[in-house]
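Below are the chains, spelled out letter by letter.
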Amino acid sequence: MDYKPGSPPPGHNVLRPHHIDVFAMILLAFRDFYGKLPQQFLLYIYRFLILEVSEAVQPATHQQIVDFLKGAPQMNNLNVHNYILAFESMPKELTSVAQLSTFFHNATPIYTDKGGDEFRRSPFGFFCRRSSMGFSRLSFYGVMELQKDYQSWCAGDTKAGYGPVEKDLLTGDIWLFITMSDYGSTAHPEPFEAWEKGRDTGDDVVGPENLRRYFEQMFHTNNDSGIRQNALLNLIRMHYVRKEYAAASKLLQEAIAVARTCGDRVTLQHCISMLHRLPTASGVPVLNEIQPDLHPSEVLYDVAKLLQPQSGQPLTLAFEKLVQASGLYNSWVDLRKVSPHERERLGLHAMQAVLWSTLGCHSLAKVEESIIQAFSRWGDDDPNRLNSLLNQAHRMARNGLYRDALTLLVQPRTWRGLSLDLYQEWANMIWHILALRISRRGQRRLFYDFLLPRQPSSSTFISKEYFFDDSTTPLPPMSDELHQVMSARRHGQAVTAIQPLLQSLWNSEFQGRFSLYRLGIVLLADVGLEFGMSKHCRSLIEGILPQLLPGHDVEHRALACYTLGRCVIASSDAEPAELRSALPHLLMAENDYVHLEMFEAASDVQWLLMVVYHNLGMTTEGAAVYERYNCSAAKIRMYEESPVDEEAEKVWTLVTDVGALLAGR
């Protein structure tokens, strides 16, 4: 018999030699020595028997069982000693077919139903009944073969009696008394296991074919199994995860019709919820109404829909939906008696982390991410854990900790056990981190020659996120408007972008996206300098600076400090005291830009610092800044001319090797 960890129990029972030993141990404990053995010894053998009965481990050999009993506590007890002697003599007492038959028939009183509601049942009793029923179906030749295998097994031949058993109706009556149940076929879980493996490894042929085979099995005696809609629903989910929305939409119409015909309300609700997940032509998401059969995860996904800027809804509505999802989940567990699922429970925390991060409360987001990483298992395909790690790595990369972010993602406990769909998300995040670092360094040649050709197929790359170009692909609302402002500012025409800037400010404040709102305020102050409103612009930035100084987004802090320094200089009327007050802001901006490896922006700050030091007569500090300026200019030229990045090549080689390893499982 093959024992694989995590495999389902066998659909039919085959008596093996070790079953006789386990049966004998239970028989001695509950019949011959019942009430005579000490509690400590009983607990000792119970722990062994429960593992053997459950068949969750490789069965022990006869000698291993004997050695186990001889290592039991309270060996000086007379009854314990007699129990072990009785078990050791069992092979000598079962040397014939008659003795083996008598052994099983005499055990009947310990597990027969005695009637009444107070009758106690245990796994040991079920095991004994199953073994006895299996033995009663054996023919004379079957009992004789079992007795021979048991004697050989006790003598040390561990393979005796453990060969494969084929269910053959033509020759099966030699070993068994055939019953009506032997003429019918029953459903087996192996095809569904093969479907899950094919889905995880990206096999589009073996996976769906085994899914079809699984649901075409005979689950009951009716003509139609009535569960074809479940096969369609699994295929729909596979296409949806792979972003094959056209195929998912086509199958959804068929699945909805089949579910309505079968009267399957639960599957019908799942299909309608999946239909609401598909992107619409208008771009406005469709939210689910609370229904009796609506799964809490679908309400939780409504929160993800409201997080999209295209929804145009404030984040407070997303928090309301999150409360509904939490309440519906508790209702499923408490009222519908659904077993709580760890992933579904952690999914609520994962969505809270994203919500708090979008709102700008990064400390609360870190708390939720810590809960997920503390209570989820590493080395598993848990999307909650992976998403929390991806968000954490992206935040670290945004703040200039590129190597730490890559180290977090490439360690084996992060990618081990991922399905190919989750692997795509993992590889996509690593690609974006490399793209972020390369774009900040200004390595356009390296990006277009090395990184862009290696872009993952599932990646949604928008060049506007990294470079100032004229790409026609739009960014999400608010971000696209701010990009127009920054692009116009880069060309010295920021005054022409006031309308999209004010529109972005209004939308970000209304929706509660305060990170974008603070960035818009900084850009508004920058535009205000063009009109000579230096004092008003200074007050604008000073109002939001306490929220930027903790450094949750270092790039935003650097831009705010640089703009504030310019506002202070513009409103100082060349007074030394005012000029000195601008130095801390400019120095912080310089340190932040150097830390982010944005040397072009750092050189602009350093040039302004040299001007301020010159006006203050601080020649020593000015000379030091001039050296840093030359160093930044040298690094800009080096990165522009460098066609290779050894670290990026090693990281991407590791990513491809991991993909090949996961696909070859």
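These numbers were taken from a predicted model, which means no experiment stands behind them.

Draft legend 1. Highlighting the overall build of the protein chain. A tally of regular secondary structure across the protein chain gives 31 helices and zero strands. By the compact-globule yardstick of 26 Å for 665 residues, the protein chain is too spread out, its C-alpha radius of gyration being 35 Å. By the burial criterion, 45% of the 665 residues in the protein chain qualify as buried. Counting contacts in the protein chain only where the partners sit at least 6 residues apart, residues at least 24 apart contribute 64% of the total. Total accessible area on the protein chain stands at roughly 34700 Å², and carbon and sulfur atoms take up 55% of it. Here the protein chain contributes 63 positively and 75 negatively charged side chains, and the mean placements of these two sets differ by 3 Å.

Draft legend 2. Quick look at helix α21 (residues 420–441). Compared with an ideal rise of 1.5 Å per residue, which puts 22 residues at 32 Å, α21 spans 31 Å between its outermost C-alpha atoms and is within 8% of the ideal. When you tally the buried positions in α21, you get 20 out of 22 residues, the bulk of the element. Two residues or fewer past α21, Gly442 is found with a positive phi of approximately 80 degrees.

Draft legend 3. Expanded view of the environment of Phe48. Take Phe48: it is sitting in helix α2 (residues 39–54). Looking at Phe48, the relative accessible area reads 11%, which means it is buried. Expressed as a C-alpha distance, the spacing of Phe48 and Asn507, which sit 459 residues apart in the sequence, is 66 Å. Those residues within four positions of Phe48 in sequence are excluded, and the remaining contacts are Met25, Ala60, Ile65 and Phe68.

Draft legend 4. Broad picture of the pattern of salt bridges. Within this structure, the stated rule accounts for 29 salt bridges. Glu88 is the salt-bridge partner of Lys70, the closest N and O atoms lying 3.2 Å from each other. Remark: Glu88 occurs in helix α4 (residues 78–88) and Lys70 occurs in helix α3 (residues 62–70); sequence separation between them is 18 residues. You can call Glu88 partly exposed: its relative accessible area is 29%. Across the salt bridge formed by Glu555 and Arg398, the nearest N and O atoms sit 3.4 Å from each other. Placement of Glu555 in helix α27 (residues 554–570) and of Arg398 in helix α18 (residues 383–398) is noted, with a sequence separation of 157 residues between them. For Glu555, a relative accessible area of 21% corresponds to the partly exposed category. Because the salt bridges share partners, they merge into one network encompassing Arg403, Arg437, Arg441, Glu597, Asp645 and Glu647.

Draft legend 5. Quick peek at the environment of Glu600. Checked against the element boundaries, Glu600 lands in helix α29 (residues 599–616). Remark: the alpha-carbon pair of Glu600 and Arg441, spanning 159 residues in sequence, is separated by 8.0 Å. Contacts of Glu600, omitting those with residues within four sequence positions, involve Arg490 and Ile636.

Draft legend 6. The arrangement of the nonpolar core in detail. Counting 85 residues, the largest nonpolar core has Leu409, Tyr423, Trp426, Ile430, Ile433, Leu434 and Leu451 as its most contacted members. Examining the composition of this core, we find that 13 residues originate from one element, α21, more than from any other. Once you skip the residues sitting within four places of it in the chain, Trp426 turns out to touch Leu386, Leu390, Leu409, Val410, Thr414, Trp415, Leu418, Val655 and Val658. Core analysis: the second largest hydrophobic core is formed by 45 residues, Leu69, Phe87, Val97 and Cys128 among them.

Cut-offs and rules
- Residues numbered from 1 in each chain as written.
- Predicted model: local features only at pLDDT ≥ 70, side-chain atom pairs only at ≥ 80, totals over all residues.
- Heavy atoms only, no water.
- Helix = DSSP H or I, 4+ residues; strand = E, 2+ residues; numbered from the N terminus.
- Rg over C-alpha atoms; globule rule 2.2 N^0.38 Å.
- Buried < 20%, exposed > 50% of the residue type's maximum accessible area, 1.4 Å probe, protein only.
- Contact = heavy atoms within 4.5 Å.
- Areas by Shrake-Rupley, 256 points an atom, 1.4 Å probe, with all protein chains shown as cover.
- Lys, Arg positive; Asp, Glu negative; His and termini not counted.
- Charge placed at Lys NZ, Arg CZ, Asp CG, Glu CD.
- Expected span 1.5 Å × (residues − 1).
- Salt bridge = Lys/Arg side-chain N within 4 Å of Asp/Glu carboxyl O.
- Core = buried A, V, L, I, M, F, W, Y, C linked by side-chain atoms within 4.5 Å.

Spatial relationships are all this shows, so hold off on functional conclusions.
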